[in-house]
Amino acid sequence: MGKTYERIDGRLRTFIEEQPLFFTATAPLTGDGTVNLSPKGLRGSFVVLDELTVAYLDFAGSTAETIAHLRENGRITLMWCAFQGPPNIVRVHGHGEAVLRDDPRFGELLARFPDIDPSLHGLRAIIVVTARTVRDSCGYAVPFMTYDEDRDLHGRRFAREDDASLSAYFEKKEHIATSLDGLPGLPLPLPPSTV
């Protein structure tokens, strides 16, 4: 049934790169803190950097829970499910870091995402995850569902923002600079994009 892998390569890498949707889960250290679980999509916004490292683009949204939790403790799990083809679930348990727009590594990392225009989506950060444990499981109970296409609503909404208006948008949101549990979230004002 389930198997642990030493690295993300071969069939495992092919599987996760082909999925149009994955989920991220993070939590604060406090026992009564809010666990965050988020779906992530948009073709081209996820890459495998090497056999133990993956990254995805963190776009504008109404909270910044993942960034806040990673800043506090770095714990993150990513999960992919096969909604088509043979059943499979893959989880990457690891340590994550939010590489913010003013980080010297930001431009080099962003170049690893050539198939998506980040200016359309209010790019806040690049989340880099170093795998500690990589496992798969059967996924026998995951339903068949078809992928039609990415929605264009997010791009249409945030394409009209520049750095100043995007920062103003974030500053109006209650849980961008501070998480639901009061942890530091996305540093504001948003630094200008360096790319």
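Residues numbered from 1 in each chain as written. Predicted model: local features only at pLDDT ≥ 70, side-chain atom pairs only at ≥ 80, totals over all residues. Heavy atoms only, no water.

### Some details on the pattern of salt bridges
Move 1: In the structure shown here, the tally under the stated rule is 10 salt bridges.
Move 2: For R7, the salt bridge goes to E6, with nearest N and O atoms at 3.7 Å.
Move 3: Given a relative accessible area of 67%, E6 falls into the exposed group.
Move 4: Among the ionic pairs, D152 bridges to R156, the shortest N-O distance being 3.9 Å. (Salt bridge = Lys/Arg side-chain N within 4 Å of Asp/Glu carboxyl O. Buried < 20%, exposed > 50% of the residue type's maximum accessible area, 1.4 Å probe, protein only.)

### So, the packing of aromatic side chains
Move 1: Scanning the model with the defined rule gives 6 aromatic pairs in all.
Move 2: Taking the centre distance of 5.4 Å and the plane angle of 70° together, the rings of F46 and W80 count as edge-to-face. Of this pair, F46 sits in strand β4 (residues 46–50) while W80 sits in strand β6 (residues 75–81); the two residues are 34 residues apart in sequence, bridging distant segments of the chain.
Move 3: The buried category is assigned to W80, whose relative accessible area is 0%.
Move 4: Aromatic pair F158 and Y169: ring centres 5.4 Å apart, planes at 75°, arrangement edge-to-face. Of this pair, F158 sits in helix α4 (residues 153–158) while Y169 sits in helix α5 (residues 163–172); the two residues are 11 residues apart in sequence, bridging distant segments of the chain. Here F158 and Y169 have matching classes, each one buried.
Move 5: Between R43 and the ring centre of Y147, over which it is positioned, the NZ or CZ distance is 4.8 Å.
Move 6: Above the ring of Y169, the side-chain terminus of R157 is found at 4.9 Å from the ring centroid. (Phe/Tyr/Trp six-rings, centres within 6.5 Å; stacked < 30°, edge-to-face > 60°. Helix = DSSP H or I, 4+ residues; strand = E, 2+ residues; numbered from the N terminus. Lys NZ or Arg CZ within 6 Å of the ring centre and 35° of its normal.)

### Some points on the layout of surface pockets
Move 1: Taken as a whole, the largest pocket spans an internal volume of roughly 1,200 Å³.
Move 2: What lines the largest pocket is a set of 46 residues, and nearest its centre among them are P20, L21, K40, G41 and L42.
Move 3: Ranked by the residues each element gives to the lining of the largest pocket, the list is headed by strand β3 (residues 36–40), at 4 residues.
Move 4: Here the lining of the largest pocket is built from residues that sort into 20 nonpolar, 14 polar and 12 charged. (1 Å grid on protein atoms, 1.4 Å probe; cavity = no way out; pocket = protein on both sides within 12 Å on 5 of 7 lines; lining within 4 Å. Points joined across faces, edges and corners; volume = space filled by probe spheres on them. Nonpolar A, V, L, I, M, F, W, Y, C, P; charged D, E, K, R; others polar.)

### A few points about helix α1 (residues 10–18)
Move 1: The set of residues buried in α1 consists of L12, F15 and I16. Within α1, the buried residues cover an arc of 90° as seen down the axis, which keeps them to one side.
Move 2: Of the surrounding secondary structure, the elements contacted by the buried residues of α1 are β1 (3–5), β4, β6, β7 (89–100) and β8 (125–137). (Arc of directions from axis to C-beta. Contact = heavy atoms within 4.5 Å.)

### Some points on the environment of L180
Move 1: Within the fold, L180 resides in the segment after α5.
Move 2: Residues L180 and N73, spaced 107 residues apart in sequence, show a C-alpha to C-alpha distance of 16 Å.

### Structural notes on the environment of P28
Move 1: On the secondary structure map, P28 appears in the loop between β2 (22–26) and β3.
Move 2: On the basis of relative accessible area, P28 is assigned to the buried category, the value being 4%.
Move 3: Residues P28 and G74 lie 46 residues apart in sequence; the distance between their C-alpha atoms is 9.2 Å.
Move 4: Dropping the residues within four chain positions of it, P28 is found in contact with G33, T34, H69, E72, N73, R75, D181 and L183.

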